[in-house]
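# Topology and contacts: notes
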Amino acid sequence: MRTDVVRLGRLSGERTGEMMQFLSSMHADRCIADADVLVDIAHVLMLDRQKVIEHEITRQLLPALLVLHDEGIPEEVFDDRFEDVHAGIEAMLIESVGVDVGGRMHMGRSRNDEVATCIRIKLRDDLLKQMAALVKVREVLVALAEKHRDTVMPGFTHLQHAQPTTLAHHLLAYEQMYSRDFDRLRDAYTRVNLSPLGAAAFASTGYPINRELTARLLGFDGLVTNTMDAVASRDFALEVLADLSILMANTSRLCEELIIWSTSFVKFVSLDDAFCSTSSIMPQKKNPDTAEIMRAKSGSVFGAYSAAMMTVKGLPMSYNRDLQEFTPNIWRGMHDTKACLRLLIDMLASATFDTERMKQEAAKGFSTATELADTLVRNYGLPFRTAHNIVGRAVQKGDLSLATLDAAAQELGAGLSLTAKGLTQEKIDEALDAVHSVALRRAPGGPAPFATKIALEECRKLLDRDSALVDERLAKLSTAKDELIADARRLVA
Ligand code: ARG
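On a predicted model such as this, the values are computed, not experimentally measured, just so you know.

## Digging into the overall build of the protein
When helices and strands are counted, the protein shows 21 helices and four strands. A compact globule built from 493 residues should have a C-alpha radius of gyration of about 23 Å, whereas the protein, at 31 Å, is more than 25% larger. With the principal axes as the frame, the protein shows a C-alpha extent of 105 × 50 × 40 Å. Counting all 493 residues of the protein, 49% fall into the buried class.

Here you go:
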């Protein structure tokens, strides 16, 4: 097979293997090879319908392309000497049906619009898979939250015991983050699923092509209208990488917590053995390696995003070969994120939470002090700042007994006796009770089991909506693909 079909007219001289490997995008093109065959089929169908090529040519081109679709792309196509999969497939076609037929496929297009189209096709599929995985992660979090509405645990700020909350409240915080991650990817999809095809090199073509037709055949929701923009822009992918970076930042935080929670001094959670490793020297060790790798992978995804951003920042219009270096970052970011989400689903679902331990810790570190201050305000008419200072001084003294609180009130010069105001040890103990403190926090989104019940209902509603949206988009793409192939088969039958 000739490997120089694109070069042989204009350029002469052999290139070294090292040079060809350097210039080739073949490795990353494996991700878009199947998409390229679909793009070729849609393009040929359109050329045929617009009478840009004769029917007889179509009847020879399409069977060769359908073989690639049905049987897969032969390994010879992925030779670095072709530069990329687009040239490789064209060379293969010319080899199998002759240049008089195969040499007509590339009419009215360029590899510039071709590659942009392929990237968008692959990316939209990846996006939907990512969104489906996110729905599953959220479902696990919701199921766990449902189970742990009453599981009181300490909440932290600055990693210090702050106020009691529930495990459900904590897990639903992550569910909310992932819900926004889903929304971002959903919105990005609307800008990804647009067709650049027909832009050709950048100035479109003088052939009477039909861009709307190829867009429809390939399941796109519309066009990237300006043909220079269509080949030059990669912001649709930058946006996805930015969204994935945020998603992975959220995942990294969750993993960090699971790692802290599984230490021997916190002991809130025990991760399933399958997600842990041991030490080659310390026989007692059970290390949360999966969560650690996930925490690290977030860095790889941010790296993919920033490498992509750096690649495009100085590019003049329109296509520049730099864009070839941009593309692998998309697949890297996607791949790492997908791998993490998939494992995260099972890692969370199989985790065992030590609810007794959580309860023990819930009221430690004077974590119910806020509620005590609030009680002094609510029941005994103190200004909040005064109550805050009295309780703070009592904490400094080491306990929250009635005597210590009274001493603190005296010391702060408030000149008041809390005992005289009617404060009793019983009232103090009630305020300091973690379960009581949580139950009072019934504001929307608060940790009270009552508020959690409402939050869970809302989560479930959105989950149903989001999972239906993914199914609907998947079905639409799959129907478009089936119809494209059926169209092609009908034409050659
Ligand atoms: N392999 C190239 C890429 O990934 C395809 C487009 C090549 N275009 C060109 N003018 N050399 O960007």
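## What about the pattern of salt bridges?
The final tally for this structure, using the stated rule, is 39 salt bridges. One continuous salt-bridge network, built from bridges that share partners, spans R138, E175, D183, R186, D187, R465 and D466.

## Comments concerning the site of the ligand
Surrounding the ligand, one finds S25, D84, H86, R111, N112, V115, Y319, R321 and Q324. Between the ligand and the protein, one listed contact pairs a nitrogen atom with a side-chain N or O atom of S25 at 3.1 Å. Within the side chain of Q324, one N or O atom sits 2.9 Å away from a nitrogen atom of the ligand. Its free accessible area being 340 Å², the ligand has 86% of it covered by the protein chains. Tallying contributions element by element places helix α7 (residues 111-147) first for the shell around the ligand, with three residues.

## A closer look at the nonpolar core
Membership of the largest hydrophobic core comes to 121 residues, with the highest contact counts inside it found for I41, L123, L218, W261, L344, M347 and L348. Examining the composition of this core, we find that 17 residues originate from one element, α7, more than from any other. Ignoring anything within four residues of it in the chain, the contact list for W261 reads M153, L167, H170, V266, K267, F268, V269, F353 and M358. In this structure, L376, L400, L405 and L418 belong to the second largest nonpolar core, which totals 20 residues.

Analysis parameters
- Residues numbered from 1 in each chain as written.
- Predicted model: local features only at pLDDT ≥ 70, side-chain atom pairs only at ≥ 80, totals over all residues.
- Heavy atoms only, no water.
- Helix = DSSP H or I, 4+ residues; strand = E, 2+ residues; numbered from the N terminus.
- Rg over C-alpha atoms; globule rule 2.2 N^0.38 Å.
- Buried < 20%, exposed > 50% of the residue type's maximum accessible area, 1.4 Å probe, protein only.
- Salt bridge = Lys/Arg side-chain N within 4 Å of Asp/Glu carboxyl O.
- Near = heavy atom within 4 Å.
- Polar contact = N/O pair within 3.5 Å; in protein donor to acceptor, adjacent residues only side chain to side chain.
- Areas by Shrake-Rupley, 256 points an atom, 1.4 Å probe, with all protein chains shown as cover.
- Core = buried A, V, L, I, M, F, W, Y, C linked by side-chain atoms within 4.5 Å.
- Contact = heavy atoms within 4.5 Å.

Nothing here speaks to function; it is geometry throughout.
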